[in-house]
Amino acid sequence: MRVEQLTCCIGAKISGVNLGDAARDADLFAEIKALLLKHRVLFLRDQDITRAEHVAFARRFGELENHPVAGSDPDHPGLVQIYRNDKRENYENNYHTDGMWRATPTMGCVLRSIEVPPVGGDTIWVNMVEAYKNLPEDVKKRIDGLRAKSSIEHGFGAVMPEEKRLAFGRENPMVEHPVVRIHPETGEKVLYVCSFTTHFANYHTPENVRFGLDKAPGASHLLNYLISQASIPEYQVRFRWQPNSIAIWDNRSTQHYAVMDYWPAPRKMERAAIIGDKPY
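The structure presented is a predicted model; accordingly, all values stated were derived computationally and were not measured.

Draft legend 1. Local environment of the sheet that holds strand S1 (residues 2-5). Reading across from one edge, S1-S2-S3-S14-S6-S16-S5-S4 is the order of the 8 strands in this open sheet, with mixed pairing throughout. With partners counted over all chains shown, the strands left at the sheet margins are S1 and strand S4 (71-72), one partner each. Along the sheet, helix H2 (residues 26-39) contacts S1, strand S2 (12-15), strand S3 (41-44) and strand S14 (246-250); its crossing angle with S3, the most-contacted strand, is approximately 125 degrees.

Quick look at the structure:
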């Protein structure tokens, strides 16, 4: 197996390996997982694997989750089909962490390209550990102990008619997470807000006043500032898809953005997402 680091901050391309073999070989899988924790997102080309092998490899990380909006392959539960052709749907072209609207957000994903446009349709990943490290110290103090609400209605619901959107929100109520989470395997601090985040849950509290947060900028300005950190190029890697390319990412420490610049060309992807744990 060969490893090529793609940026100083995030991302590596690995070659000389087939994920179908990694689904069956515990030692090979362990090597890939170690690289994932180091580089946060891994890319592979020419992975002519079956759907069963795709699912089997992803299940090495843990059980797979379903999605309340995107459809799944009926023969392979947990393999979500993200097919874009006749509709121009824009709810993925923002910086986000998959499943932040869940009480236990997604641990990671294995995404495979089936059909790609002749040009465009790239995906960007962002290192949110680095984003936290580079925050000014006074901002780190302001957000220490803060929690924020996230909602799927805020994202996927935006393209729905009002009645359906409101029902969707009732079926998927808001959740609350720390603004800075601890990565459960590396112990790193991660800036943990994204486009699913709607507002702080405890900005105006006696504790925050005691630490000087009453003199900080307004809560909405602070939240917008934190969300904007994902757009800094130095924290990013950008990947151009080819048929049978695969991206594996640690969803706990990254955000990503699916660039919607290819419509009306088709783009068909299949994703297996692994159930995560409760952030702390």
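Draft legend 2. Up close: the sheet that holds strand S15 (residues 254-258). In space, the 3 strands of this open sheet follow the order S13-S7-S15, with antiparallel pairing throughout. Because the sheet does not close on itself, it has two edges, and the strands there are strand S13 (236-239) and S15. Mean inter-strand twist for the sheet, computed between neighbouring axes without regard to direction, equals 20 degrees. Here strand S7 (residues 123-127) pairs with S15 via 5 bridges, running antiparallel. Paired with Thr123 across the strands is Ala258, a residue of S15.

Draft legend 3. Representation of empty space enclosed by the protein. Counted according to the given criterion, the structure contains 2 cavities of 30 Å³ or more. Estimated volume of the second largest cavity: approximately 30 Å³. Every residue lining the second largest cavity is listed: Thr97, Met100, Met128, Val190, Leu191, Tyr192, Val193, Asn251, Arg252, Ser253, Thr254 and Gln255. Of all the secondary-structure elements, those providing two or more residues to the lining of the second largest cavity are strand S11 (189-191) and S15. Tallied by class, the residues present in the lining of the second largest cavity amount to 6 nonpolar, 5 polar and 1 charged.

Draft legend 4. A look at the pattern of salt bridges. Inspection of the entire model under this criterion finds 18 salt bridges. The salt bridge involving Glu137 is made with Lys140; its shortest N-O contact spans 3.4 Å. Placement of both Glu137 and Lys140 in helix H5 (residues 137-143) is noted, with a separation of 3 residues, approximately one turn of the helix. Using a relative accessible area of 15% as the deciding quantity, one classes Lys140 as buried. Two residues, Arg147 and Glu176, come together in a salt bridge whose shortest N-O distance is 2.7 Å. Within this pair, whereas Arg147 is found in strand S8 (residues 147-150), its partner Glu176 is found in strand S9 (residues 175-178), the two being separated by 29 residues in sequence. The exposure class assigned to Arg147 is partly exposed, which follows from its relative accessible area of 27%. Among the residues examined, Glu176 registers a relative accessible area of 28% and is labelled partly exposed. Linked through salt bridges whose partners overlap, the residues forming this network are Lys33, Glu185, Asp250 and Arg252.

Draft legend 5. Geometry of the packing of aromatic side chains. Taken as a whole, this structure holds 11 aromatic pairs when the rule is applied. Consider the rings of Phe43 and Trp125, whose centres lie 5.3 Å apart with planes at 65 degrees: the pair is edge-to-face. With Phe43 in strand S3 and Trp125 in strand S7, the pair connects residues that are 82 residues apart, well separated along the chain. Judged by its relative accessible area of 1%, Phe43 falls in the buried class. Judged by centre distance (4.2 Å) and plane angle (10 degrees), the rings of Phe43 and Phe239 are stacked. Placement of Phe43 in strand S3 and of Phe239 in strand S13 is noted, with a sequence separation of 196 residues between them. The ring of Tyr132 carries Lys140 above its face, with NZ or CZ at 5.0 Å from the centroid. A cation over an aromatic ring shows up here: Arg181 above the ring of Tyr192, its NZ or CZ 5.0 Å from the ring centre.

Parameters at a glance
Residues numbered from 1 in each chain as written. Predicted model: local features only at pLDDT ≥ 70, side-chain atom pairs only at ≥ 80, totals over all residues. Heavy atoms only, no water. Pairing = 2+ DSSP bridges. Helix = DSSP H or I, 4+ residues; strand = E, 2+ residues; numbered from the N terminus. Contact = heavy atoms within 4.5 Å. Axes fitted to C-alpha atoms, helices over the stretch in contact; angles between N-to-C directions. 1 Å grid on protein atoms, 1.4 Å probe; cavity = no way out; pocket = protein on both sides within 12 Å on 5 of 7 lines; lining within 4 Å. Points joined across faces, edges and corners; volume = space filled by probe spheres on them. Nonpolar A, V, L, I, M, F, W, Y, C, P; charged D, E, K, R; others polar. Salt bridge = Lys/Arg side-chain N within 4 Å of Asp/Glu carboxyl O. Buried < 20%, exposed > 50% of the residue type's maximum accessible area, 1.4 Å probe, protein only. Phe/Tyr/Trp six-rings, centres within 6.5 Å; stacked < 30°, edge-to-face > 60°. Lys NZ or Arg CZ within 6 Å of the ring centre and 35° of its normal.

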